[in-house]
Amino acid sequence: MKKLETLCVHPTGEKDQFKGSVTAAIFPSAAYNYLDQEELQYPGFYSTYNQKRLGQIMAELEHGNWGMVFSSGMAAISTAILSFAQLHDHVIFSRDLYGGTWKFAEQELPKRGISCSYADNTLAGFQAALKPHTRVIYIETPANPLLNIVPLREIAEFAKKNGIVTIVDNTFASPVNQLPLLHAIDIVIHSGTKYLGGHNDLPFGALVSSNPEHREPVFSTAKLYGGSLSPYQCYLVERSLKTLAIRVKRQNENAMKLAEYLSGHAAVNRVYYPGLTSHPDHRIALQQMMGFGGILSFELHVNPEKLILFQKRLAIIQPALSLGGVESLICSPVATSHRSLSAEQRHQLGIQDNLLRLSVGIEDGDDLIADLHSAIAAIT
Ligand SMILES: *Cc1c(COP(=O)(O)O)cnc(C)c1O
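Residues numbered from 1 in each chain as written. Predicted model: local features only at pLDDT ≥ 70, side-chain atom pairs only at ≥ 80, totals over all residues. Heavy atoms only, no water.

1. So, the sheet that holds strand β12 (residues 355-359)
Here is step 1: In space, the five strands of this open sheet follow the order β8-β9-β12-β11-β10, with mixed pairing throughout. Edge positions in the sheet fall to β8 (268-272) and β10 (318-319), since each of these pairs with one other strand and no more.
Here is step 2: As defined by bridge partners, strand β11 (residues 329-331) adjoins β12 across three bridges and the pair is classed as antiparallel. Residue pairing across strands places Cys331 opposite Arg357, the latter belonging to β12.
Here is step 3: In the packing of helix α12 (residues 306-313) onto the sheet, the strands contacted are β9 (295-300), β10, β11 and β12, and the crossing angle to β12 comes to about 25 degrees. (Pairing = 2+ DSSP bridges. Helix = DSSP H or I, 4+ residues; strand = E, 2+ residues; numbered from the N terminus. Contact = heavy atoms within 4.5 Å. Axes fitted to C-alpha atoms, helices over the stretch in contact; angles between N-to-C directions.)

2. Description of the site of the ligand
Here is step 1: Surveying the vicinity of the ligand reveals 13 residues, the closest of which are Gly73, Asp169, Ser191, Thr193 and Lys194.
Here is step 2: One of the side-chain N or O atoms of Asp169 is found 2.7 Å from a nitrogen atom in the ligand.
Here is step 3: Interatomic distance of 2.8 Å between a side-chain N/O atom of Ser191 and an oxygen atom of the ligand.
Here is step 4: Of all the elements, helix α3 (residues 73-84) adds the most residues to the shell around the ligand, at three residues. (Near = heavy atom within 4 Å. Polar contact = N/O pair within 3.5 Å; in protein donor to acceptor, adjacent residues only side chain to side chain.)

3. Examining helix α8 (residues 215-225)
Here is step 1: Restricting attention to buried positions, one finds in α8 the residues Val218, Phe219, Thr221 and Ala222. All buried residues of α8 lie within an arc of 170 degrees about the axis, which places them on one face of the element. Summarising the geometry of α8, the exposed residues directed more than 90 degrees from the buried face are Glu216 and Leu224.
Here is step 2: In this structure, the buried residues of α8 make contact with β1 (66-70), α3 and β7 (205-209). (Buried < 20%, exposed > 50% of the residue type's maximum accessible area, 1.4 Å probe, protein only. Arc of directions from axis to C-beta.)

4. What about the nonpolar core?
Here is step 1: Met58, Leu61, Phe126, Ile137, Ile139, Leu241 and Leu244 are the most contacted members of the largest nonpolar core, which totals 44 residues.
Here is step 2: Among the secondary structure elements, those contributing two or more residues to this core are α1 (4-9), α2 (49-61), α5 (123-129), β4 (134-140), α6 (152-161), β7, α9 (231-241) and α10 (244-263).
Here is step 3: Two domains each donate at least three residues to this core, and these are domain 1 (4-241) and domain 2 (247-379).
Here is step 4: Sequence-distant contacts of Met58, defined by excluding residues within four places in its chain, comprise Val69, His190, Leu196, Ala206, Val208 and Leu241.
Here is step 5: Core analysis: the next-biggest nonpolar cluster, separate from the first, contains 33 residues, Ala173, Leu258, Leu358 and Ile379 among them. (Core = buried A, V, L, I, M, F, W, Y, C linked by side-chain atoms within 4.5 Å. Domains from an automatic or database assignment.)

5. Description of the pairing of β1
Looking along a regular strand, one sees the side chains alternate between the two faces of the sheet.
Here is step 1: Of all the five residues making up β1, five are buried; the element is thus mostly covered by neighbouring parts of the structure.
Here is step 2: Here β1 shows two buried faces, one formed by Trp66, Met68 and Phe70 and the other by Gly67 and Val69.
Here is step 3: Note: β1 against β7, five bridges, orientation antiparallel. When the sheet's bridge partners are listed, Trp66 is paired in β7 with Ser209.

6. Considerations on the domain arrangement of the protein chain
Here is step 1: Here the protein chain is described as being made up of domain 1 (4-241) and domain 2 (247-379).
Here is step 2: Taking only C-alpha atoms into account, the centre of domain 1 sits 27 Å from that of domain 2.
Here is step 3: With both sides pooled, the region where domain 1 packs onto domain 2 buries about 2,900 Å², and carbon together with sulfur makes up 57% of that total.
Here is step 4: Linking domain 1 with domain 2 are one salt bridge, by the criterion used here.
Here is step 5: The shortest N-O distance in the salt bridge between Glu5 and Lys249 comes to 2.9 Å.
Here is step 6: Viewed at the interface, domain 2 and domain 1 are joined by 18 residue pairs in polar contact (both at pLDDT 80 or more).
Here is step 7: When contributions to the side of domain 1 that touches domain 2 are tallied by element, the ones reaching two or more residues are α7 (174-177) and α9.
Here is step 8: The element best represented in the side of domain 1 that touches domain 2 is α7, accounting for four residues.
Here is step 9: For the side of domain 1 that touches domain 2, a count of residues per class yields 17 nonpolar, 12 polar and four charged. (Buried area = accessible area lost by both parts, 1.4 Å probe. Salt bridge = Lys/Arg side-chain N within 4 Å of Asp/Glu carboxyl O. Nonpolar A, V, L, I, M, F, W, Y, C, P; charged D, E, K, R; others polar.)

7. A look at the packing of aromatic side chains
Any two aromatic rings considered together are summarised by their centre-to-centre distance and by the angle between their planes.
Here is step 1: The full count for this structure, using the stated rule, is six aromatic pairs.
Here is step 2: Between Phe27 and Tyr49, the aromatic rings sit 4.7 Å apart at their centres with planes inclined by 70 degrees, giving edge-to-face as the arrangement. Separated by 22 residues along the polypeptide, Phe27 in the loop between α1 and α2 and Tyr49 in helix α2 bring together distant segments of the chain.
Here is step 3: With relative accessibility at 18%, the residue Tyr49 sits in the buried group.
Here is step 4: Between Phe93 and Tyr138 the ring centres are 5.4 Å apart and the planes differ by 50 degrees, which places this aromatic pair in the tilted class. Taken together, the residues span a long stretch of sequence, with Phe93 in strand β2 (residues 90-94) and Tyr138 in strand β4 at a distance of 45 residues. (Phe/Tyr/Trp six-rings, centres within 6.5 Å; stacked < 30°, edge-to-face > 60°.)

Now the structure itself:
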């Protein structure tokens, strides 16, 4: 079995190399000879070769049976859920969700007669939310922005006993740090826009399943909702994936370094990073993750009005949404991702007004520390 770094550079799809080329070929054709039976295996999408190849690479990276790619993370998420939940069915979501997924659950699923519950991030929470018509359990771990961890194996086993399909959003971890399918989860989805693309310039989504029988329902849903990825984008993704392991390992290292630095800073109230023993879910993270990721959050011990000034004083770290790319980005969840929640709802989720989320890039760790250091000094 190839090790991860090797797999990223030399995925199995490579055996399709065209005319001896070292890198992948792009086949933009939107029409294929219908007498060629093989091409009919991938129905419903115009360009087949690059998508199919990238789906196989994703399946290999996630240790799944088959994979598929989409034009965005949300296309993968909506397809995954709608493939397994129908009229009168019930879906249990983990409590801390990406905003788009939460809105999809609140606005779109009820229109289709599908009801939703939100569970605490524990087995007991999911057990309490179970209904006779529960068909899908959807988990996000680590979750935004406090990096809460949901225990995968015990919830997967509980779901299997009850005939429920489990879906995990593995965006924050990437396959470098977490392989949910090896913890008995059925389906992994990604916003590839984050770590997989890795350069803050390449929106796409991916879905990988461990079960060959999931292929048909997912393909037929995907076909009707139409979120296909162009062959040119597929090529760029494949190129980005070659450096996935090396990027994410550097991001893990940098994030740990910054988490430790911030934990020791007098102007910081609290740091949330699953790699720190002070994180409430550190033990679960150790059990199911190979690395702790490049995202951390912290509360600055300043008046929340000063948060904007702090972000303006940063020279390397840029105030921007999104995460997982080579550039370090920072944002205030209260002003961005969690803006639409009431103060009361944020309070329930444990999100303080002075919280900042930092997505650590691949810059030099000491340069990033110096950047944080001088910006904090400027406002305190
Ligand atoms: C960004 C993100 C999504 C949505 O993905 P898009 O590619 O923006 O559609 C889903 N889940 C998580 C955890 C995300 O961070």
